Amino acid sequence: MGVLIIIAGIFSFFQQYHKKGVYDFNELAVGLSWGFVFIFFSKEKTDDEMVRSLKFKALATALIASFSITHLYNYFFLNWHFERGRDVILSISAYQFLAFTLMTATAYFYYLKYQMTLNEGE
């Protein structure tokens with residue numbers, strides 16, 4: 001289900017580009033974040049305490065990493081010429097942050113799971 005939502009979000013992103021001629025990354029982030037919510041929080045074949053522990057570790061690490069990267073991106077790339085009283089503070093949207101966090105958490109979870117299976121084989 002999550003993969004279908006991601007594909008629909010990507011399709012909608014390119015469809016909006018062809019209609020309006022503008023890349024709407026917010027719309028893409030909505031599809032990605034909903035898709036990765038379904039992927040990350042779905043049950044695994046063996047949904048035991050170890051898998052839940054790995055998911056929590058991946059989510060906690062991804063949240064800290066995503067917040068740090070988002071903060072640095074907002075500061076150094078979006079607002080580095082900011083002048084108080086003249087400019088508006090720019091920031092990525094909450095959906096973009098959520099999509100980035102869930103993509104990172106999902107990738108890190110499958111990496112941790114892969115490492116766990118390597119250690120069990122030894």
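Here, the structure is the one placed above.
Residues numbered from 1 in each chain as written. Predicted model: local features only at pLDDT ≥ 70, side-chain atom pairs only at ≥ 80, totals over all residues. Heavy atoms only, no water.

Going through the model one piece at a time under the given rule, you end up with two salt bridges. Of the charged contacts in the structure, one is a salt bridge between Lys55 and Glu44, with a shortest N-O distance of 3.9 Å. Within this pair, whereas Lys55 is found in helix α3 (residues 49-78), its partner Glu44 is found in the loop between α2 (25-40) and α3, the two being separated by 11 residues in sequence. A single burial state applies to Lys55 and to Glu44, both of which are buried. Among the salt bridges present, the one from Lys113 reaches Glu44, with a minimum N-O distance of 2.6 Å. Residue Lys113 is found in helix α4 (residues 94-121), and its partner Glu44 is found in the loop between α2 and α3; the two are separated by 69 residues along the sequence. By relative accessible area, Glu44 is classed as buried at 14%. A single network of salt bridges, built from pairs that share partners, joins Glu44, Lys55 and Lys113. (Salt bridge = Lys/Arg side-chain N within 4 Å of Asp/Glu carboxyl O. Helix = DSSP H or I, 4+ residues; strand = E, 2+ residues; numbered from the N terminus. Buried < 20%, exposed > 50% of the residue type's maximum accessible area, 1.4 Å probe, protein only.)

The space that makes up the largest pocket amounts to roughly 200 Å³. In this structure, the largest pocket is lined by Phe25, Ile69, Thr70, Tyr73, Leu78, Ile92, Gln96 and Phe100. Of all the elements in the fold, those that place two or more residues in the lining of the largest pocket are α3 and α4. If one sorts the elements of the lining of the largest pocket by residue count, α3 sits on top with four residues. Across the lining of the largest pocket, the residue classes break down as six nonpolar, two polar and no charged. (1 Å grid on protein atoms, 1.4 Å probe; cavity = no way out; pocket = protein on both sides within 12 Å on 5 of 7 lines; lining within 4 Å. Points joined across faces, edges and corners; volume = space filled by probe spheres on them. Nonpolar A, V, L, I, M, F, W, Y, C, P; charged D, E, K, R; others polar.)

Our focus in this paragraph is the packing of aromatic side chains. Taken as a whole and assessed by the stated rule, the structure comprises 11 aromatic pairs. Summarising the aromatic geometry, the rings of Phe13 and Phe14 are spaced 5.1 Å apart at their centres and angled 70° between planes, so their arrangement reads as edge-to-face. For Phe14, a relative accessible area of 41% corresponds to the partly exposed category. Feature note: the residues Phe13, Phe14, Tyr17, Tyr23 and Phe25 constitute an aromatic cluster, connected by ring pairs. Positioned over the ring face of Phe40 is Lys55, at 5.6 Å from the centre of the ring. When the ring centre of Phe109 is taken as origin, the NZ or CZ atom of Lys55, which lies over that ring, is 5.5 Å away. (Phe/Tyr/Trp six-rings, centres within 6.5 Å; stacked < 30°, edge-to-face > 60°. Lys NZ or Arg CZ within 6 Å of the ring centre and 35° of its normal.)

To continue, consider the environment of Phe100. In this structure, Phe100 sits in helix α4. Here Phe100 falls in the partly exposed class, since its relative accessible area comes to 31%. Sequence spacing of Phe100 and Val22 is 78 residues, and the spatial spacing of their C-alpha atoms is 21 Å. Apart from residues lying up to four places away in sequence, Phe100 is in contact with Ser66, Ile69 and Thr70. (Contact = heavy atoms within 4.5 Å.)

This next bit is on the packing of α3 against α4. Relative orientation of the contacting elements α3 and α4 amounts to 140°, with a least axis distance of 8 Å. The orientation of α3 with respect to α4, classified from their angle, is oblique. α4 is crossed by α3, and the crossing has right-handed handedness. (Axes fitted to C-alpha atoms, helices over the stretch in contact; angles between N-to-C directions. Parallel < 35°, antiparallel > 145°, perpendicular 65-115°, else oblique. Left-handed = near helix turned anticlockwise from the far one by under 90°.)

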